[in-house]
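# Report on the structure
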Amino acid sequence: MQKVSKLLKGHFGIIAIIILFIFANLVFLKFNSDVWWDPAVYIGIGKYIYSLGESGFWEESRPLVLPIILGLANIIKVDMLYFGRFVSMLFSILVISLVYKLGTRIFGRNVGLLASFFTAFSYTFVFFSQQILTEIPSTLFLLCAFYFFIEKRFFLMGLFSGLSIMTRFF
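Source: prediction; values computed, not measured.

Rules of the game
- Residues numbered from 1 in each chain as written.
- Predicted model: local features only at pLDDT ≥ 70, side-chain atom pairs only at ≥ 80, totals over all residues.
- Heavy atoms only, no water.
- Helix = DSSP H or I, 4+ residues; strand = E, 2+ residues; numbered from the N terminus.
- Expected span 1.5 Å × (residues − 1).
- Buried < 20%, exposed > 50% of the residue type's maximum accessible area, 1.4 Å probe, protein only.
- Contact = heavy atoms within 4.5 Å.
- Polar contact = N/O pair within 3.5 Å; in protein donor to acceptor, adjacent residues only side chain to side chain.
- Salt bridge = Lys/Arg side-chain N within 4 Å of Asp/Glu carboxyl O.
- Phe/Tyr/Trp six-rings, centres within 6.5 Å; stacked < 30°, edge-to-face > 60°.

### Notes on helix α8 (residues 135-150)
When the terminal C-alpha atoms of α8 are compared, their 23 Å separation across 16 residues agrees well with the 22 Å that a helix rising 1.5 Å per residue should span. Every buried residue of α8 is accounted for by I136, P137, S138, L140, F141, L143, C144, A145, Y147 and F148. Close packing links the buried residues of α8 with α4 (65-76), α5 (80-106), α7 (123-128) and α9 (154-167). A positive backbone phi angle near 60 degrees is found at K152, which sits one or two residues after α8.

Have a look at this one:
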């Protein structure tokens, strides 16, 4: 418990931003209950991969990272839609945290907080953060690559750059 309190000490601002982001997201989760075409395709590809072609469907023009993650829900026997929305929100929270970390590392704590606040509460980010789409996971991997570039850990930078491209081709 002391390790957790040490870790959280001095980071009240980012914790508050993430908690407020989760509450804002819960409002949009109820508003955005329909399944769009792209999330349905990613779920279908995930089912196809993990059932070895028995169920789901295949679209060869889609990147495979998100369907591979979504297909894990098939293995642990949970609803793929809720699992996908949970994973998407988790990726969004990690993006906010990484923006804070990068902003703090490069420009200072106040800039990190401001950047994470603007990221978390931009309308587009809040609206799409619980949708099962490739943009936010790709952004997370790209931010990880940038972070490892700053840290001069070039193998990890290349790994996360590749994951970012494999998550979203465009």
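From this point, the narrative continues.
### Quick notes on the side chain of S129
In this fold, S129 is placed in the loop between α7 and α8. Polar side-chain contacts of S129 include one of 2.6 Å to the side chain of N25. Non-local contacts of S129, meaning those with residues more than four positions away in its chain, are made with F21, N25, S88, M89, S92 and I136.

### Observations concerning the pattern of salt bridges
Per the stated rule, a full pass over the model turns up four salt bridges. The closest approach of N and O atoms between E135 and R168, which form a salt bridge, is 3.2 Å. On the criterion of sequence distance, the pair formed by E135 in helix α8 and R168 in the segment after α9 is long-range, its members being 33 residues apart. Through salt bridges that share partners, D38, E59 and R62 make up one connected network.

### Describing unusual backbone geometry
At L52, a position not held by glycine, the phi torsion is positive, near 55 degrees. Relative to the assigned elements, L52 resides in the loop between α3 (37-50) and α4. Overall, the relative accessible area of 77% leaves L52 in the exposed class. In this structure, K77 is a non-glycine residue whose phi angle is positive, near 60 degrees. Among the secondary structure elements, K77 is positioned in the loop between α4 and α5.

### Some words on the packing of aromatic side chains
With the rule as written, the count across this model stands at 13 aromatic pairs. Note on W36 and F128: the rings are 5.7 Å apart at their centroids and 75 degrees apart in plane angle, and the pair reads as edge-to-face. Residue W36 is found in the loop between α2 (12-31) and α3, and its partner F128 is found in helix α7; the two are separated by 92 residues along the sequence. Classification of W36 as partly exposed rests on a relative accessible area of 30%. The exposure class of F128 is partly exposed, given its relative accessible area of 30%. Geometrically, the ring pair formed by F127 and F128 is edge-to-face, given 5.1 Å between the ring centres and 90 degrees between the ring planes. Overall, F127 belongs to the buried group, its relative accessible area being 13%.

Spatial relationships are all this shows, so hold off on functional conclusions.
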